[in-house]
Amino acid sequence: MNKKRVAVVGAGITGLTVAYRLSKKSEDFEVVIFETDEKIGGKLRTSNFAGFQLDEGADAFLARAPWAVELFDEVGISEEFVSPRSRSASIWANGSLIPLPSPNVLGIPLYPDSEASDVLSAEDSQKIRDGGIPENTITGETDISIGSLVRNCVGDSVFENFVDPLLSGINAGKADAMSCATMAPHLLEAARHKDGLVTALKETYEKTDPESPVFYTHPEGMGHIVKKLAEKIVGSIRKTESVTSIEPSKEQWIVKTSTGSEIVDAVVLTNSAQDAANLLHPLSLTVSTRLSEIEHASVSLVSFAFETLDVEIPENESGFLVPRSSGKLMTACSFSGNKWTHLNDGTKTLMRVSTGRIDDQRHETLDDEELVECLMDDLKTTLGVEKPPLEFRINRWPKALAQFEVGHLQKLEETLSILEVETPGIFLSGSYHFGVGIPASIRSGNEAATRVLERFGRN
Ligand SMILES: Cc1cc2nc3c(=O)[nH]c(=O)nc-3n(C[C@H](O)[C@H](O)[C@H](O)COP(=O)(O)OP(=O)(O)OC[C@H]3O[C@@H](n4cnc5c(N)ncnc54)[C@H](O)[C@@H]3O)c2cc1C
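What you see is a predicted model; the values in this text were computed from it and never measured.

**Points about the pattern of salt bridges**
Turning to step 1, where the next piece is worked out: Using the criterion set out here, one finds 28 salt bridges in the structure.
Turning to step 2, where the next piece is worked out: Asp-124 serves as the salt-bridge partner of Lys-127, at 3.6 Å between the closest nitrogen and oxygen. Residue Lys-127 and its partner Asp-124 are located together in helix H3 (residues 122-129), separated by 3 residues, close to a single helical turn. The same class applies to Lys-127 as to Asp-124, namely buried.
Turning to step 3, where the next piece is worked out: Asp-360 serves as the salt-bridge partner of Arg-362, at 2.8 Å between the closest nitrogen and oxygen.
Turning to step 4, where the next piece is worked out: Residues participating in the shared-partner salt-bridge network are Arg-5, Glu-30, Arg-238, Glu-241 and Glu-262.

Listed below in structure tokens is the structure:
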């Protein structure tokens, strides 16, 4: 029997996951991956910077969500993973760096009497002490915003000082508008506990091994993981070949690219919601419109290498977050050498400084020189950095991070159902499905591969 031909659009972690899953059934499927860029990996890209292998985008992934760990286990590289040596981070508040409460869950302190209590109102500290019982009961809601949940259970000062900066660090979003069911389903469940959100979070925390790793990376960078995953794929990866349109052809699809065209049985789009919307526009206006409504934030990441003697950074801290209320351009600063042993040679101090939020796209209006100058100003205010860096590197990531509005998961499910009816054989996945993190992207790749297998697989 003829194999089914599947085109995967995009060779980021989602596309590679789809291709890997399908190539495990290589007797049934012939997979071809199209990638616009000359490199594979999408936002997982590592290159030499100041003598280190430093990531240009994502630099780690959550160890406690199953999807990435499971995939990389299968690929056979998990033994090589390392976890951060420092776990604590600070927040820029009232003109100084204040350690985030420890322990905390997404910034929600489990106990009120930590140093961080200085920035909490007395009323909110009391709410934490009382277990975080919501003022307005949260019962049947399938989704609410993280902001309304946290404000309701533990108050505005906890939300604004800790939770919003932490969460907006993850997807450059506004936690007041963020879908809790998508970004933090465990909070929604915990808030329904009869004794309150904090009580429920404490119960879970007490069952967790505090020593178990929270994040993993590879000492050679995320690019190495991509390389190892790609080596396991049976199929062709066509770099610098962009998919420009998809047209129906009887029961198949013609995939037109920058250099030619291919006839395939199935197409899996793993590019951003906006890019997928453009490709689907002539095929399903409804799906295209729904996808184009998913907003994406642009971010820029500037990596700095300083002479270690020239800067003073808090020992054992992985970095700090900057709340939007500060008005600063920077949103976070990560001390790479404090986090990862392999990025610390004792002579150079590496920092990755992030900027950009869905409601603050100033970085996009600045040229490279202005961007670095503004971030150096922020480093001067927050850390007292006076001396210029030895080197810097700018990575701009336009429209990179999807925003998840309340009700997102239900809307996504509806979109996928409409797609199945209107364009059978075209599948969607990507970091705009279940969250922007690597595990969530892999989960969406797994699910898309399962849908292809269900439709075309032989058992
Ligand atoms: C600065 C930054 C830091 C991050 N840090 C972390 C982190 O530490 N941990 C974490 O878990 N997550 C992090 N993320 C998020 C995470 O990296 C991404 O959400 C995830 O890598 C997305 O993978 P993807 O494959 O879905 O998309 P992408 O990586 O964007 O891949 C999509 C690919 O599709 C290609 N493409 C697009 N259109 C076409 C077309 N028409 N034809 C062919 N190819 C096409 C693109 O070139 C791209 O390579 C970070 C993101 C950024 C921007």
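More follows now that the structure is in view.
**Quick look at the side chain of Asn-395**
Turning to step 1, where the next piece is worked out: With respect to the element layout, Asn-395 can be found in strand E20 (residues 391-402).
Turning to step 2, where the next piece is worked out: Polar side-chain contacts of Asn-395 include one of 3.3 Å to the side chain of Arg-393.
Turning to step 3, where the next piece is worked out: Apart from the residues lying within four places of it in its own chain, the contact partners of Asn-395 are Arg-45, Glu-56, Val-299, Ser-300 and Leu-301.

**Comments concerning the sheet that holds strand E12 (residues 243-249)**
Turning to step 1, where the next piece is worked out: Ordered by their spatial adjacency, 3 strands build an open sheet running E12-E13-E14, and the pairing between neighbours is antiparallel. Across the chains shown, the open sheet's two edge strands, defined by having one partner strand only, are E12 and strand E14 (261-264). The sheet shows a mean angle of 20° between the axes of neighbouring strands, direction not considered.
Turning to step 2, where the next piece is worked out: The sheet contact formed by E12 and strand E13 (residues 252-257) spans 6 bridges and is antiparallel. Counterpart to Ser-245 in the pairing with E13 is Lys-256.

**Notes on the layout of surface pockets**
Rolled over the atoms, a probe with the dimensions of a water molecule shows which regions are left empty.
Turning to step 1, where the next piece is worked out: In this model, the second largest pocket occupies a volume close to 280 Å³.
Turning to step 2, where the next piece is worked out: As for the second largest pocket, its lining consists of 16 residues, of which Ile-294, Glu-295, Gln-403, Phe-404 and Glu-405 are closest to the centre.
Turning to step 3, where the next piece is worked out: Looking at the lining of the second largest pocket, the elements that each hand over two or more residues are helix H11 (285-292) and helix H14 (408-422).
Turning to step 4, where the next piece is worked out: By residue number, the principal contributor to the lining of the second largest pocket is H14, which donates 4 residues.

**Concerning the domain arrangement of the chain**
Turning to step 1, where the next piece is worked out: Along its sequence, the chain is carved into domain 1 (4-79 + 224-294 + 405-456), domain 2 (88-207) and domain 3 (296-401).
Turning to step 2, where the next piece is worked out: Measuring from the centre of the C-alpha atoms in domain 1 to the corresponding centre in domain 2 gives 33 Å.
Turning to step 3, where the next piece is worked out: Between domain 1 and domain 2, a total of about 600 Å² is buried, with carbon and sulfur atoms accounting for 67% of that surface.
Turning to step 4, where the next piece is worked out: Three residues, Val-406, Leu-409 and Val-436, lead the burial of domain 1 against domain 2; their summed loss comes to 61% of the area buried on that side.
Turning to step 5, where the next piece is worked out: Seen at the junction of domain 1 and domain 2, the total is 0 salt bridges.
Turning to step 6, where the next piece is worked out: The tally of links between domain 1 and domain 2 comes to 1 residue pair in polar contact (both at pLDDT 80 or more).
Turning to step 7, where the next piece is worked out: Of the residues belonging to the side of domain 1 that touches domain 2, the class tally is 4 nonpolar, 4 polar and 1 charged.

Calculation notes
Residues numbered from 1 in each chain as written. Predicted model: local features only at pLDDT ≥ 70, side-chain atom pairs only at ≥ 80, totals over all residues. Heavy atoms only, no water. Salt bridge = Lys/Arg side-chain N within 4 Å of Asp/Glu carboxyl O. Helix = DSSP H or I, 4+ residues; strand = E, 2+ residues; numbered from the N terminus. Buried < 20%, exposed > 50% of the residue type's maximum accessible area, 1.4 Å probe, protein only. Polar contact = N/O pair within 3.5 Å; in protein donor to acceptor, adjacent residues only side chain to side chain. Contact = heavy atoms within 4.5 Å. Pairing = 2+ DSSP bridges. Axes fitted to C-alpha atoms, helices over the stretch in contact; angles between N-to-C directions. 1 Å grid on protein atoms, 1.4 Å probe; cavity = no way out; pocket = protein on both sides within 12 Å on 5 of 7 lines; lining within 4 Å. Points joined across faces, edges and corners; volume = space filled by probe spheres on them. Domains from an automatic or database assignment. Buried area = accessible area lost by both parts, 1.4 Å probe. Nonpolar A, V, L, I, M, F, W, Y, C, P; charged D, E, K, R; others polar.

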